[in-house]
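# Chain and residue survey
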Amino acid sequence: MLNNRLLQTLLLILCSGLILYLASSVLVPLSFGLFIAMLLYPVCAWLERKKMGRAFAILLSLLTLMVPIGFLITLLVLQVISLREYFPDLQLKLLELANDIMAYSENTFGIEKGKWRIWALQGVESSIQSIFQFVRNTIKASLSGTVLLIIIPVYSFLILYSRERLVHVVELLVPKDLKGRLKGILHEAVSSYAQFIKGMATVYLIVGILNSVGLLILGIPNALFFGFVASILTFIPYIGIMIGALLPIVVSWTLYDSIYYPIGVVAIYAFVQYLEANLIFPWAVSKRINLSTLSTLIAIFAGGLIWGASGMILFVPYMAIARIIADQIKGGEAVALLLGDDPVPVAKSDH
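For every chain, the first residue of the written sequence is number 1, and numbering continues from 1 onward in sequence order. This being a predicted model, a pLDDT of at least 70 is required before a residue's local features are given, and a value of 80 or more before pairs of side-chain atoms are given or counted; all residues contribute to the totals for chains, interfaces and linings. In computing side-chain values, all of the structure's heavy atoms are included and hydrogens and water are not.

## Considering the packing of helix α2 (residues 24–49) against helix α13 (residues 309–328)
Angles shown run from 0 to 180 degrees and are taken between the N-to-C directions of axes, each axis being a line fitted to C-alpha atoms and, for helices, limited to the stretch in contact. A run of H or I in DSSP counts as a helix once it spans at least four residues, and a run of E counts as a strand once it spans at least two, with each numbered from the N terminus. Orientation of α2 relative to α13, taken along the N-to-C sense of each, is 55 degrees, at an axis distance of 11 Å. What the angle tells us is that α2 and α13 run oblique. Relative to α13, the crossing made by α2 is left-handed. For the pair α2 and α13, contact is made by Val28, Ser31, Phe32, Leu34, Phe35 and Met38 and by Ser310, Ile313, Leu314, Pro317, Tyr318 and Ile321, respectively. Roughly parallel refers to an angle under 35 degrees, roughly antiparallel to one over 145, roughly perpendicular to one between 65 and 115, and oblique to any angle outside these ranges. In this scheme, a crossing is called left-handed if the near helix is turned counterclockwise away from the far one by less than a right angle; it is called right-handed if the turn is clockwise. Throughout, a contact is declared for two residues whenever any of their heavy atoms are within 4.5 Å.

## Details of unusual backbone geometry
Look at Lys51: it is not a glycine, yet its phi comes out positive at around 70 degrees. Within the fold, Lys51 resides in the loop between α2 and α3 (54–82).

## Concerning the packing of helix α8 (residues 182–218) against α13
Between two packed helices, the angle of one axis relative to the other and the distance separating the axes together describe the packing. Closest axis-to-axis distance for the α8/α13 pair is 10 Å, and the angle between their directions is 145 degrees. When the axes of α8 and α13 are compared, the crossing they make is right-handed. For the pair α8 and α13, contact is made by Ile185, Glu188, Ala189, Ser192, Tyr193 and Phe196 and by Ile313, Val316, Pro317, Ala320, Ile321, Arg323, Ile324, Ile325 and Gln328, respectively. Class assignment for the residues of the contact of α8 with α13 results in 11 nonpolar, 2 polar and 2 charged. Following the grouping adopted for this structure description, the nonpolar residues are Ala, Val, Leu, Ile, Met, Phe, Trp, Tyr, Cys and Pro, the charged ones are Asp, Glu, Lys and Arg, and the polar ones are all others, Gly among them.

## Notes on α13
Two residues of an α-helix separated by three or four positions point the same way, owing to the 3.6 residues in each turn. Between the first and last residue of a helix there are one fewer steps than residues, each counted as 1.5 Å, and that sum is the expected span. Look at α13: 30 Å from first C-alpha to last across 20 residues, which is about the 28 Å you get at 1.5 Å a residue. By the largest-angle criterion, Phe315 marks the main kink of α13, which is about 30 degrees, and a proline, Pro317, follows within four residues. Think of it in three bands: with a 1.4 Å probe and only protein chains considered, a residue is buried below 20% of the maximum accessible area for its type, exposed above 50%, and partly exposed in between. Taken together, the buried positions of α13 are Gly311, Met312, Leu314, Phe315, Val316, Pro317, Met319, Ala320, Ile321, Arg323, Ile324 and Ala326. Values of bend correspond, residue by residue, to the angle between axes fitted over the seven residues ending at that residue and the seven starting there.

## So, the side chain of Ser231
You can see Ser231 is positioned in helix α9 (residues 223–232). For Ser231, a relative accessible area of 0% translates into the label buried. Ser231 has contacts with Tyr204, Val207, Gly208 and Asn211, leaving out every residue within four places of it along the chain.

## Overview of the packing of aromatic side chains
The pairing test for Phe, Tyr and Trp rings, Trp by its six-membered ring, is centres within 6.5 Å, and the orientation test on the planes gives stacked under 30 degrees, edge-to-face over 60, and tilted for anything in between. Taken as a whole, this structure holds 4 aromatic pairs when the rule is applied. A centroid spacing of 5.9 Å and a plane angle of 10 degrees characterise the contact between Phe157 and Tyr161, whose relative ring orientation is stacked. On the criterion of helical spacing, the pair formed by Phe157 and Tyr161 is a turn pair, its members being 4 residues apart in helix α5 (residues 113–161). An angle of 55 degrees between the planes, with centres 5.4 Å apart, marks the rings of Phe225 and Phe226 as tilted.

## Quick word on the pattern of salt bridges
If the charged atoms of two oppositely charged side chains come close together, the side chains can form a pair. A side-chain nitrogen of Lys or Arg and a carboxyl oxygen of Asp or Glu constitute a salt bridge if their distance falls within 4 Å. For the coordinates displayed, the defined rule picks out 3 salt bridges. The salt bridge involving Glu48 is made with Arg54; its shortest N-O contact spans 3.4 Å. In this structure Arg54 comes out as partly exposed when scored by relative accessible area, which is 22%. The closest approach of N and O atoms between Arg163 and Glu48, which form a salt bridge, is 2.7 Å. Here Arg163, found in helix α6 (residues 163–173), pairs with Glu48, found in helix α2; they are 115 residues apart in sequence, far enough to count as distant. Glu48 matches Arg163 in its accessibility class, with the two residues each being buried. Put simply, Glu48, Arg54, Arg163 and Glu164 are held in one network by salt bridges that share partners.

As structure tokens, then:
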């Protein structure tokens, strides 16, 4: 009996993962639209209570959110383009490093200088081309993401406008024992997601400030840009901070004739990453949405495996909503205890 139940559970997980993966092109923007709708629902409801029409209230809420996002995206693209001025100096640095390696190899191993020069030139050209290709791909991805920036607000508008109809559909689909508690579950889910957004914004703000202050102390230009880009990339555990550190490392190595500046960048980011993983994130996010650190990490890695970077963002609030639903379902106590961060109840022993 236990083996059959375990097999059924594993089969359900595999089928769900396969469906999520195959339908990612539809479900990812729809999920972003849903969560933006959940975030804006309190604002829309407040505006509607002030006798504002529903359509106008939704449009005003979306505009309030999209304007600063569009400004930040524009600023990010401009900053990435401005980094091109460092590429000529970077090429010279790489050539100097290649010459030093050639001289050392010729004196130590007896390798002919001509061969090393050919290899070095090919390597430098390949590196520069890779950097330009990275920038080009980033801009291309941003342009393709413009389509999503149009679709996602449309989804959010339609979800907010038809929310009573959607809630009624869910009421018809859920079991009878949940019908009376459905509105409470939905309210708690909306509140949990709002807490998640507040927590993530707090993490990005604190980590961005710490990164930027450290880079300013080192004298790295565009410190605010580098600091906050790295802070946003912290949603990718361990790897994100490495990606965020690459650009300031390259810039510091290009501008200053010393290895200590790149080492300083690595030290600052490593220290801030330690604070983020052990203090800032658990305090700002996990405690707010009542998820354990283990379930949060599983959500991030599973989301990355199925939906890529979008999944790393979306699966955490989905996990929090799953915990809320498990709290309300009879027989879901084990799942709620596994996902949540509540103290484990201690069984009283008979004496």
